[in-house]
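Residue-level listing of the chains:
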Protein chains: 2
Amino acid sequence: MKRAVRRRPRQEPGSKARLFAAAATAFAARGFAGANVDRIAEAAGVNKAMLYYHFKSKAGLYAEILRDMFESVAARLAATTPQTDPAERIRAMVEAIAREAEARPHFPAIWLREIAEGGAHVDKGTIAIIGGILQQVASAVHDGVAAKRFRPANPLLVQLGIVGPVLMFFATAPMRRRVPSQLHLATQLTTEQVIAHVQRVALLTLEGKAR
Amino acid sequence: MKRAVRRRPRQEPGSKARLFAAAATAFAARGFAGANVDRIAEAAGVNKAMLYYHFKSKAGLYAEILRDMFESVAARLAATTPQTDPAERIRAMVEAIAREAEARPHFPAIWLREIAEGGAHVDKGTIAIIGGILQQVASAVHDGVAAKRFRPANPLLVQLGIVGPVLMFFATAPMRRRVPSQLHLATQLTTEQVIAHVQRVALLTLEGKAR
DNA sequence: GTCTATAAATAGATAGAC
DNA sequence: GTCTATCTATTTATAGAC
């Protein structure tokens, strides 16, 4: 007869996942140095020692969040490859980045912080993933040029023009609430508007003949 | 006969200015929480106690750097007002922001971090200055529309489209050095190219009729 | 896998002499 | 204005019982 073996002593949706989620929020809000493992564990409703059991250190936990983040973006971008029309591909890439920022709310803030930090916490593997993201944008531009649909453009400028505004839009949301400006209070922007605008601007840059 | 009074016991270019500069660098590189007052004082070649003498705390020092930063941007933007031609004014504003980022190398990273932090360290007065910056962009757009030179556009989108790429360009410089991509190693971007590109894109957005 | 207790280091801040 | 010594709180991390 099968005995009722206790499988999981007390944790419900997996203490590891809970810690991961709480840490992502904390790192986004306060940065790597500013976040505090005691508070992360508390927010996760998990004992602090579990953090060191699942991840080997605060740095290890952070590195895992970074890798997960960039892996997801890279995957979402890779999924746009079937698009054979250059313009459609660019549109899909803009949307991919924006949707990812929506799906992982910690992602814009953490990315901005990591940029400011010069990638100090980014390990080798993650560096490669980030390089791959740049490569994907570059190849989309390159293909469009080869198909005589885009004029030659610096891929880095294209990337800055897409990622910059998108990240800023999501990341500045909390701050905009603090700046009492009738302007953007009156004109609430939606994710859809931002996507459409950045898509339009990116294509204006790539398809325009001027300059 | 005039006695040789000792005016300044031992400090050369003003210990306050030295601390300020060292702190700006440290906060840019490591963030508010990540920076360390001991190391700031050491980098400044000034005794740590002086930091508390000139500024009342680590937070006070940081707040002063923030205010100085946004004041400078606001001033540089205000200086573009004489431009009566709407397009020229936008061009001047783009250049103003980029030149400021060059003049104060700590400015892009700190701004990105403050965005990520939701403006947690920004005091009332500085909030007002930031609001003024947004206002200036908005009024430039508004004036252009009134003069029938621009089509109506959301000022926030315009701002994101300018500040996003410019900040990202400067702030990602250290990280780009770490990402081994043939792409942007082959195509080194200059500040001038970035300014020209962002100016062009901003005006394409504002002057274009398509939607 | 989970929890308590605690080690060990670091950081912000100040007192007080000069 | 400058410097030394130090206090105190906080924080990462681990040992070890269950």
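Residues numbered from 1 in each chain as written. Chains lettered and ligands numbered in written order. Predicted model: local features only at pLDDT ≥ 70, side-chain atom pairs only at ≥ 80, totals over all residues. Heavy atoms only, no water.

**Comments concerning the pattern of salt bridges**
- Summed over all chains, the structure comprises 26 salt bridges over all chains.
- Of the charged contacts, one joins Arg104(B) and Asp68(B) as a salt bridge, the two residues approaching to 3.0 Å between their closest N and O atoms. Of the two residues, Arg104(B) sits in the loop between helix H5 (86-103) and helix H6 (107-116) while Asp68(B) sits in helix H4 (residues 58-78), which places them 36 residues apart along the sequence.
- Close ionic contact of Arg91(B) with Glu88(B) constitutes a salt bridge, the shortest N to O distance being 2.5 Å. Taken as a pair, Arg91(B) and Glu88(B) lie in helix H5 at a separation of 3 residues, close to a single helical turn.
- Accessibility expressed as a relative area gives 29% for Arg91(B), which makes it partly exposed.
- You can call Glu88(B) partly exposed: its relative accessible area is 33%.
- Where salt bridges share partners, they join Asp68(A), Arg76(A), Glu100(A) and Arg104(A) into one cluster. (Salt bridge = Lys/Arg side-chain N within 4 Å of Asp/Glu carboxyl O. Helix = DSSP H or I, 4+ residues; strand = E, 2+ residues; numbered from the N terminus. Buried < 20%, exposed > 50% of the residue type's maximum accessible area, 1.4 Å probe, protein only.)

**Brief notes about the interface of chain B and chain A**
- Facing the 58 residues of chain B at the interface are 57 residues of chain A.
- Buried surface at the junction of chain B and chain A, summed over both partners, amounts to about 5000 Å²; 71% is from carbon and sulfur atoms.
- Counting every contact that joins chain B to chain A gives 2 salt bridges.
- In this structure, Arg113(A) engages Glu117(B) in a salt bridge whose closest nitrogen and oxygen atoms are separated by 1.9 Å.
- Here chain B and chain A share 6 residue pairs in polar contact (both at pLDDT 80 or more) between them.
- For the side of chain B that touches chain A, the secondary structure elements donating two or more residues are helix H1 (15-34), H6, helix H7 (124-146), helix H8 (155-171), helix H9 (173-178), helix H10 (182-186) and helix H11 (191-207) of chain B.
- Per-element tally for the side of chain B that touches chain A: the top contributor is H8(B), with 11 residues. (Contact = heavy atoms within 4.5 Å. Buried area = accessible area lost by both parts, 1.4 Å probe. Polar contact = N/O pair within 3.5 Å; in protein donor to acceptor, adjacent residues only side chain to side chain.)

**Focus: the packing of aromatic side chains**
- Tallied over the full model, the rule gives 12 aromatic pairs over all chains.
- When the ring of Phe107(A) is compared with that of Trp111(A), the centres are 5.3 Å apart and the planes differ by 50°; the resulting orientation is tilted. In this pair, Phe107(A) and Trp111(A) are both assigned in helix H6 (residues 107-116), 4 residues apart and thus about one turn of the helix distant.
- The buried category is assigned to Phe107(A), whose relative accessible area is 0%.
- Judged by relative accessible area, Trp111(A) falls into the buried class, the value being 7%.
- With centroids separated by 5.1 Å and ring planes inclined at 50°, the aromatic side chains of Phe32(B) and Tyr62(B) adopt a geometry described as tilted. Here Phe32(B), found in helix H1, pairs with Tyr62(B), found in helix H4; they are 30 residues apart in sequence, far enough to count as distant.
- By way of ring pairs, the aromatic residues Phe27(A), Phe32(A) and Tyr62(A) are connected into one cluster.
- Geometry around Phe32(A) places Lys58(A) over its ring, the cationic atom sitting 4.7 Å from the centre. (Phe/Tyr/Trp six-rings, centres within 6.5 Å; stacked < 30°, edge-to-face > 60°. Lys NZ or Arg CZ within 6 Å of the ring centre and 35° of its normal.)

**Topic: the packing of H1(B) against H4(B)**
All names here are of chain B.
- Put simply, H1 and H4 touch, their axes get as near as 10 Å, and they point 95° apart. If you check the angle between H1 and H4, you find them roughly perpendicular. In this structure, H1 contributes Lys16, Phe20, Ala23, Ala24, Phe27, Phe32 and Ala33 to the contact, and H4 contributes Lys58, Ala59, Leu61, Tyr62, Glu64, Ile65 and Asp68.
- When the residues that make up the contact of H1 with H4 are grouped by side-chain class, the tally is 10 nonpolar, no polar and 4 charged. (Axes fitted to C-alpha atoms, helices over the stretch in contact; angles between N-to-C directions. Parallel < 35°, antiparallel > 145°, perpendicular 65-115°, else oblique. Nonpolar A, V, L, I, M, F, W, Y, C, P; charged D, E, K, R; others polar.)

**Some points on the relation of the copies chain B and chain A**
- Once chain B has been moved 0.0 Å along the axis and rotated by 180°, it coincides with chain A to within an RMSD of 0.0 Å. Here the two chains are linked by the operation of a two-fold rotation axis. The rotation axis passes nearest to the C-alpha of Gly164(B) in chain B, at a distance of 2.1 Å.
- An overlap of 98% is found between the interface residues of chain B and their copies at the interface of chain A, pointing to a shared contact surface. (Least-squares fit on C-alpha atoms with pLDDT ≥ 70 in both.)

**Side note on H7(B)**
- The first and last C-alpha atoms of H7(B) sit 32 Å apart over 23 residues, in line with the 33 Å expected at 1.5 Å per residue.
- Trailing H7(B) by a residue or two, Lys148(B) shows a phi angle of about 60°, which is positive. (Expected span 1.5 Å × (residues − 1).)

**Brief notes about the environment of Ser57(A)**
Residue and element names in this part refer to chain A.
- Mapping serine 57 onto the fold places it in the loop between helix H3 (48-54) and helix H4 (58-78).
- By relative accessible area, which is 23% here, serine 57 ends up partly exposed.
- In sequence terms serine 57 and valine 37 are 20 residues apart; their C-alpha atoms lie 9.3 Å from each other.
- The residues contacting serine 57, other than those within four sequence positions of it, are Leu51 and Tyr52.
- A distance of 3.0 Å separates a polar side-chain atom of serine 57 from the backbone nitrogen of glycine 60.

**As for helix H2 (residues 37-44) of chain A**
Residues and elements named next belong to chain A.
- Among the residues of H2, Val37, Ile40, Ala41 and Ala44 are the ones counted as buried. End-on, the buried residues of H2 take up no more than an arc of 95°, which puts them together on one face. Exposed side chains of H2 directed beyond 90 degrees from the buried face belong to Glu42 and Ala43.
- Sitting at the head of H2, asparagine 36 places a side-chain oxygen 2.7 Å from the backbone nitrogen of aspartate 38.
- Positioned one or two residues after H2, glycine 45 has a phi angle of 70°, which is positive. (Arc of directions from axis to C-beta.)

**With respect to the side chain of Glu114(B)**
- Looking at where Glu114(B) falls in the secondary structure, it is placed in helix H6.
- With no salt bridge to any partner, buried Glu114(B) finds its closest opposite charge in Arg178(A), at an N-O distance of 6.4 Å.
- When neighbours within four sequence positions are excluded, Glu114(B) is seen to be in contact with Met175(A), Tyr62(B), Leu66(B), Gly119(B), Ala120(B), His121(B) and Val122(B). (Lys, Arg positive; Asp, Glu negative; His and termini not counted.)

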